[in-house]
Amino acid sequence: MNTDYADIDALALGDIARRFDIPVKRSGGKDHVPCPNCEPDGTDNPHHCALASDRPVAHCIKCGWSGNSVQLVQAFLKCGHKEACDQIRARFNLPGGNGHARQVYADSLHQLAAVRGWTVEALKALGARAEGPCVVFPMQDASGKEAGRKRRRGDNQPIDGKKSKTDHGCHNGLIGTFPLQADGPVAVVEGEADAAALVTAGFPGAVIATPGATPGQRVEQALQAVIHGREAILSPQNDDASRAWRDRIARILLNAGCRVKFVPPAGGKDIDERLRHEPDKAGALEKIMAEAIPFDSSDAPPIVEPAEDDAAPHYVTATALIHDHPNLREPIINGIGRRGEVFNVVSGSKLRKSWFVDNLAVDFVTAGLWLGRFQCVGGRALIIDLELHRGTISGRIRDILAARGLGADASDLIAIESLRGRTVDTDWLVRYAKNIGPGVFDLAIIDPLYKLLPKDGDENNNVAMSHVFNSLLQVAEILQAGLGIVHHLSKGDQSQKSVTDLGSGAGAQSRACDGHLVLREHATPEAAVFAGAVRSWPPFDPFCLQWQYPLWMPAPHLDPNDLKKPATRRRKPEPVEPTEPPKPVEAWTAKRFAAEFVTSEPQMKAAVTGAANVARVNANLAERLLSQAEGMKLVFRWKIDKDRHTYFANRQQPSTTGGVD
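Since we're looking at a predicted model, the values are computed, not measured. (Residues numbered from 1 in each chain as written. Predicted model: local features only at pLDDT ≥ 70, side-chain atom pairs only at ≥ 80, totals over all residues. Heavy atoms only, no water.)

**Q** Honestly, the overall build of the chain in this entry has me stumped. Any pointers?
**A** The helix and strand inventory of the chain stands at 21 helices and 31 strands. Within the chain, the fraction of its 661 residues that count as buried is 45%. Counting contacts in the chain only where the partners sit at least 6 residues apart, residues at least 24 apart contribute 60% of the total. Element-wise, carbon and sulfur atoms account for 51% of the exposed surface of the chain, whose accessible area totals about 34,900 Å². (Helix = DSSP H or I, 4+ residues; strand = E, 2+ residues; numbered from the N terminus. Buried < 20%, exposed > 50% of the residue type's maximum accessible area, 1.4 Å probe, protein only. Contact = heavy atoms within 4.5 Å. Areas by Shrake-Rupley, 256 points an atom, 1.4 Å probe, with all protein chains shown as cover.)

As structure tokens, then:
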């Protein structure tokens, strides 16, 4: 037997505790764990043992119990000394007793099974697979498709401080022994660890795990659909979050016609901890399941469902929001719009804005570059036209396809809904979208907006336009497509307005959408300037387009700042009465300066230049002219008594003592 504990003593006691899932709390600069000797005090946080930072010793500050690393593990696992040593070495992958070599595992799946006391077969039954140093647990939705992935390290070390982590860009789902058995009870637990422990112990039925105590509505609905009408046995953990999980899962399963029982936690341990060190896991599991009691819905708070006006709060923390939505929505037109977003296309009257969006539809379905610079992802497009005859629409699409050299492969991907002559509004459009459903179209275009306004709607009313755009946002969400709205410019000069101020009506029509695109006339005939303000993309600079029937083509040779301005009437100039020519301005000279600003009585220099400044002679010129006048003997310096200032006069200072004569 190996009696050398140097390898174990070299490990931090806090790391050992965490590796064995012993709760660790940081307080007073030290790690603390629950004392294995103290009686439970009925709280969820009985941390009494302080872990020394300089040596592997734990000491209870309440009852006085002390122990080293091995003794702490031995007390919590309720095992012998040798087993505690072996467990520590196994979980840290240290060489075994008597000099045995470090354990080598076939892969991370076999390593996790050995470290946690699970069987490899149990992990595989849950769909787990090895991926490098991690084990991946797939999560599936109600239809059986993989919705996301959770991963654990094979050595059971934390990932970013957590036991397991959901991959970025994934949705939560169910982890279980799929496909489920046709009959028998279904055990429902909080995480993959409890599920692996139940399958390892040979639970006589299906096992399903939710990803944690707050799995979300998507997982709850999938759970209802998967085990509808069956017997469910819940195994919650021993904390407030787990009790809330038990109550909510039990209620929704009762609503799904299930018969629900739950296993009360014993001694603050979850099902994995209770089974981990049992030599007869099957027998221990049978006893645990015998403890299950029917769930009494009267003891649990009712599930708060959204009110009819959808006023129930649904806020989440920023951490949860970032986790659930790590990426922006899928682009449909790079630089312009995403799936579920609404963007306006605003243009002046008769500026061929319908041709403009028809070109967009063709570029989109062929995954082309719209306007020569915005990459479309491709897919199916729907044009809802409320203005043109079917024959007119047909002719335009046919001419665009011919000009592009395209045929039925492209036209089959464009659907037309002609509503000319029908009275519809945005509320009708929401019902129309629901009848289509999501995933049928990737881009929808509505041309024009004013035809969808309510009967008493006013496009200059912000409240009315907010309602209109709320309905349009619903349409985009229902279809899960990008939604383009054709609108018209207001009257008057548009060249001096900002992009978001363009468009007829209230300001809500530009603020409520995700992109506001504008087509304005260029000073050059048959040309336009395209500009936009986009919410989820970097801004882009305006650029020019040229109309070449039936296409709008890039025109890089034109200046986007050269917008067309409205013509103005020129007034005839009124006759001007002849006036006398202005008198020439007399230049300043040293002689003129001395005559106007220097007197026979001595004045300080500041008084002379100050008088010149009042007469609009700037300071530098005044200094220069005064110096020139002194050099020409037109002015003279004076010194008066002991005064330090310099005086000037147009006569010399007398030589007699006593100052001025």
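**Q** Looking at this model, I keep getting lost on the side chain of Arg151. Mind explaining?
**A** Mapped onto the fold, Arg151 is located in strand E8 (residues 146-153). Here Glu131 takes part through its side chain, which lies 3.2 Å from a polar atom of the side chain of Arg151. One polar contact links Arg151 to Asp167, side chain to side chain, over a distance of 2.7 Å. Dropping the residues within four chain positions of it, Arg151 is found in contact with Glu131, Cys134, Val135, Val136, Ile159, Lys163, Ser164, Lys165 and Asp167. (Polar contact = N/O pair within 3.5 Å; in protein donor to acceptor, adjacent residues only side chain to side chain.)

**Q** What exactly am I supposed to notice about the sheet that holds strand E6 (residues 129-131) here?
**A** Read from one edge of the open sheet, four strands run E6-E7-E8-E9, paired in antiparallel fashion. Strands with a single pairing partner mark the edges of an open sheet, and in this sheet they are E6 and strand E9 (165-166). Note: strand E7 (residues 134-140) against E8, seven bridges, orientation antiparallel. From the neighbouring strand, Gln140 faces E8, where its bridge partner is Glu146. Contacts from helix H5 (residues 108-116) reach E6, E7 and E8, with the element oriented near 95° to E7. (Pairing = 2+ DSSP bridges. Axes fitted to C-alpha atoms, helices over the stretch in contact; angles between N-to-C directions.)

**Q** Help me understand the sheet that holds strand E30 (residues 636-638) in this model?
**A** Taken in spatial order, the three strands make up an open sheet running E29-E31-E30, and their pairing is antiparallel. Each of the sheet's edge strands pairs with one partner strand only, and the pair in question is strand E29 (603-604) and E30. Two strands pair when backbone bridges link them, and E29 and strand E31 (residues 647-649) are joined in this way by two bridges, in the antiparallel orientation. Residue Met604 lies in a different strand from E31, and its bridge partner there is Tyr647.

**Q** Before we go on, may I ask you to explain the pattern of salt bridges in this structure?
**A** Side chains bearing opposite charge may pair, as long as their charged atoms lie close to each other. Counted by the stated rule, this structure contains 26 salt bridges. Between Arg149 and Asp167 there is a salt bridge, with its nearest N and O atoms 3.0 Å apart. Taken together, the residues span a long stretch of sequence, with Arg149 in strand E8 and Asp167 in the loop between E9 and strand E10 (175-176) at a distance of 18 residues. Looking at Arg149, the relative accessible area reads 26%, which means it is partly exposed. For Asp167, a relative accessible area of 16% corresponds to the buried category. Sharing partners across several salt bridges, the network here consists of Arg129, Glu131, Glu146, Arg149, Arg151 and Asp167. (Salt bridge = Lys/Arg side-chain N within 4 Å of Asp/Glu carboxyl O.)

**Q** I keep staring at the environment of Ser627 and nothing clicks. Help me out?
**A** Secondary-structure assignment places Ser627 in helix H21 (residues 619-631). The spatial distance from the C-alpha of Ser627 to the C-alpha of Ala590 is 8.3 Å, given a sequence separation of 37 residues.

**Q** Quick question: what am I supposed to make of the nonpolar core here?
**A** Buried together is how nonpolar side chains tend to be arranged in soluble globular proteins. The biggest cluster of nonpolar side chains holds 42 residues, and the ones touching the most others in it are Ile333, Phe356, Trp370, Phe374, Leu517 and Phe530. With eight residues, the single largest contributor to this core is helix H13 (residues 353-365). Here Trp370 is in contact with Ile333, Ile336, Phe356, Leu360, Asp363, Cys376, Leu517 and Phe530, once residues within four sequence places are set aside. Core analysis: the next-biggest nonpolar cluster, separate from the first, contains 32 residues, Val120, Met139, Ala187 and Leu275 among them. (Core = buried A, V, L, I, M, F, W, Y, C linked by side-chain atoms within 4.5 Å.)

**Q** Help me understand the packing of aromatic side chains in this model?
**A** Two aromatic rings, taken as a pair, are described by how far apart their centres are and by the angle between their planes. Evaluated as defined, the whole model comprises 18 aromatic pairs. Ring geometry for Phe540 versus Phe543: centroids 6.5 Å apart, planes at 55°, classification tilted. A single burial state applies to Phe540 and to Phe543, both of which are buried. Three or more aromatic residues joined by ring pairs make a cluster, and in this case those are Phe356, Trp370, Phe374, Phe530, Phe540 and Phe543. Cation over ring: Arg246 sits above Phe262, and NZ or CZ is 4.7 Å from the ring centre. (Phe/Tyr/Trp six-rings, centres within 6.5 Å; stacked < 30°, edge-to-face > 60°. Lys NZ or Arg CZ within 6 Å of the ring centre and 35° of its normal.)

**Q** Help me understand the environment of Asp183, please; the structure alone is not making it clear to me.
**A** Structurally, Asp183 is set in the loop between E10 and strand E11 (186-189). For Asp183, a relative accessible area of 55% corresponds to the exposed category. Between the C-alpha atoms of Asp183 and Glu231, which are 48 residues apart in sequence, the distance is 9.1 Å.

**Q** Is there a simple way to explain the state of the cysteines in this structure?
**A** Between two cysteines, a covalent bond joining their sulfur atoms is known as a disulfide. Going through the model one piece at a time under the given rule, you end up with zero disulfides. No disulfide involves Cys35; its sulfur sits 3.6 Å from the nearest other cysteine sulfur, which is in Cys60. Since its relative accessible area comes to 9%, Cys35 is described here as buried. A disulfide-free cysteine, Cys79 has its sulfur positioned 9.0 Å from the sulfur of Cys85, the nearest such atom. (Disulfide = S-S within 2.5 Å.)

**Q** I would appreciate a short explanation of helix H7 (residues 192-200) in the present structure.
**A** With eight of nine residues buried, H7 lies mostly within the body of the structure. Backbone geometry just after H7 places Gly202 at a positive phi near 80°.

**Q** I tried to follow unusual backbone geometry on my own but got confused; where do I start?
**A** The phi angle of most residues is negative, glycine excepted, and most peptide bonds adopt the trans form. Each neighbour pair has its own omega, and for Phe178 with Pro179 the value is -5°, a cis peptide bond. As for its position among the elements, Pro179 is in the loop between E10 and E11. Following Tyr549, the chain continues to Pro550 via a peptide bond in cis, the omega torsion being 0°. Tracing the backbone through its elements, the reader meets Pro550 in the loop between strand E27 (543-548) and strand E28 (551-554). Positive phi, normally seen in glycine, also occurs at Lys78, with a value near 55°. Within the element layout of this structure, Lys78 appears in the loop between helix H3 (69-77) and helix H4 (81-91).

Shape descriptors only; they carry no functional weight alone.
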